[in-house]
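Summary of the model geometry
Residue strings, one per chain:
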Amino acid sequence: MSQGPRSGLYAVSSALLAMSRHLEVRDVLKTIVASARELLDAQYAALGVPDDHGGFAQFVVDGVSDAQWKAIGPLPRQHGILAAMLHEARPERLADVRKDPRFEGWPAAHPDMSDFLGLPIRDGDEVIGALFLANKNRTKENQKDSSAPDGGCGFTEDDQELLTILAQHAAIALTNARLYERSRELTIAEERSRLAHELHDAVSQKLFSLRLTAQAAAALVDRDPARAKGELHQVAMLAAEATEELRAAVIELRPAALDEDGLVATLRTQIQVLDRAHSARVTFAGHGVRALPAAQEEAMLRVAQEALHNALRHSGAGRVDVTLEKRGTGTVLRVSDDGSGFEPTAVRAAGRHLGLVSMRDRSSGVGGTLSVESAPGKGTTIEMEVPGG
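Let us look at the structure shown here. (Residues numbered from 1 in each chain as written. Predicted model: local features only at pLDDT ≥ 70, side-chain atom pairs only at ≥ 80, totals over all residues. Heavy atoms only, no water.)

Now for the packing of aromatic side chains. Considering all chains together, one arrives at five aromatic pairs under this definition. For the pair Phe103 and Trp106, a centre-to-centre distance of 4.8 Å together with 75° between the ring planes defines the contact as edge-to-face. For Trp106, a relative accessible area of 28% puts it in the partly exposed group. Here a set of aromatic residues connected by ring pairs shows up, and it is made of Phe56, Phe59, Trp69, Phe116 and Phe132. (Phe/Tyr/Trp six-rings, centres within 6.5 Å; stacked < 30°, edge-to-face > 60°. Buried < 20%, exposed > 50% of the residue type's maximum accessible area, 1.4 Å probe, protein only.)

This is how it looks when you write it as structure tokens:
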């Protein structure tokens, strides 16, 4: 196991540690492929995860540019050498894959490959993937190696042994990533179920009362308009209460992504979605912020969501910018828009607080402060600062 620029125990350890750092399946696959290519000093590497229909559910490559990969076309089918990896479940080491009788060609944009090393990835008796390497980078040392004579396969028996070790650990990493994603799916399903119960308990009775009151108002509108007017006032009150209880039920749920990914990644993902969904340009920047206590991260996320909702739904903004940054001994969230703005004093006096009261409550509840700068025609900036980070 002396070939390659990163040979030895350190290189193997680095590759295994890199695989164990990721929990998302796609990230694990990409790390396995990149580690294998670098460790064995190959030009190309790929990993295929089979589906149940003769193709690949996922196929990750390293050493091929994005433009090349796009030009190659659809994912390969399970045929030829690829099928051998999955169905016969044995290693394949070939001096020239193009001369193998099982070779069936490749698309015109596919890079030319010669020497080949392939290995199945097993989870017990199940083959959960196949790892392929091609075009060993020849050096004077491996050309002189008796197991890789000039004109023979550049991949040696030592390479195959090293790839076998990597594949065994890849199976563990890939299985763990799949279990993690399945666990997250179950968590999301549980949260959705709980939300359904919350909504039913908190809102359904209120909506039932609202319907009855509206029916009573309709029956009275001709013969007793004064009483009908009173019933309609009651309808408005019930509708407002139902809206607040619905908001409380939704906001009470802490997003799973916040627990798993942290505040910066969660904000970035949500803002990317909002940017695609709205005509306004919505941006996010995070600078030097470390993890905060869970309660602070949840409060900052909720304040950001409320501020974004106001900006995108009510202000007519063409641009909304969100930043999260370190300031002195604290962390500051800022949501700024170039919308219509408002006069904060007038809004409070009219009872239209645009969620400002709940944002201030959330800030103070985690030891933070909230400031609002706005004026008609001048846009709005909301800042929340908490200690730490």
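So, next bit.
Along helix α4 (residues 80–88), seven of the nine residues are buried, which leaves the element largely enclosed by surrounding structure. Burial in α4 covers these residues: Gly80, Ile81, Leu82, Ala83, Ala84, Met85 and Leu86. In this structure, the buried side of α4 is in contact with β1 (42–50), β2 (56–62), β3 (92–94), β4 (116–123) and β5 (126–136). Count one or two residues on from α4 and you reach Ala89, which has phi positive near 55°. (Helix = DSSP H or I, 4+ residues; strand = E, 2+ residues; numbered from the N terminus. Contact = heavy atoms within 4.5 Å.)

Turning next to the pairing of strand β9 (residues 369–374). Side-chain positions along a regular strand alternate between the two faces of the sheet. Here β9 shows a buried face lined by Leu370, Val372 and Ser374 and an unburied face lined by Thr369, Ser371 and Glu373. Summarising the sheet, β9 and strand β10 (residues 380–387) pair through six bridges and their orientation is antiparallel. Across the sheet, residue Thr369 finds its bridge partner in β10, namely Glu385. Where β9 hands over to β10, the hairpin turn is made up of five residues, of which Gly377 adopts a positive phi near 80°. (Pairing = 2+ DSSP bridges.)

The next subject is the pattern of salt bridges. Here the structure, examined in full by the defined rule, presents 15 salt bridges. Between Asp62 and Arg37 there is a salt bridge; the shortest N-O distance is 2.6 Å. Taken together, the residues Asp62 in strand β2 and Arg37 in helix α2 (residues 25–39) connect sequence positions 25 residues apart. Under the relative-accessibility criterion, Asp62 is labelled partly exposed at 22%. Assessed through its relative accessible area of 26%, Arg37 is described here as partly exposed. Arg98 is the salt-bridge partner of Asp96, the closest N and O atoms lying 2.9 Å from each other. The class of Arg98 is partly exposed, set by a relative accessible area of 34%. A network of salt bridges, in which partner residues are shared, links Glu88, Arg90, Glu92, Asp100 and Arg102. (Salt bridge = Lys/Arg side-chain N within 4 Å of Asp/Glu carboxyl O.)

Below, the discussion takes up unusual backbone geometry. The backbone of Ala89 sits at a positive phi, close to 55°, despite the residue not being glycine. Note on placement: Ala89 falls in the loop between α4 and β3. A relative accessible area of 16% means that Ala89 is categorised as buried.

Moving on: helix α11 (residues 356–365). Taken together, the buried positions of α11 are Leu356, Met359 and Ser363. Buried residues in α11, looked at end-on, bunch into an arc of 65°, giving them a common side. (Arc of directions from axis to C-beta.)

Turning to the sheet that holds β1, a few remarks are in order. Read across the sheet, five strands follow the order β2-β1-β5-β4-β3 without closing on themselves; strand pairing throughout is antiparallel. The open sheet has two edge strands, β2 and β3, and neither has a second partner. Across the sheet, the mean angle separating the axes of adjacent strands is 15° when strand polarity is ignored. Examined bridge by bridge, β3 and β4 share three bridges and lie antiparallel to one another. By the bridge assignment for β4, Glu92 is matched with Gly118. (Axes fitted to C-alpha atoms, helices over the stretch in contact; angles between N-to-C directions.)

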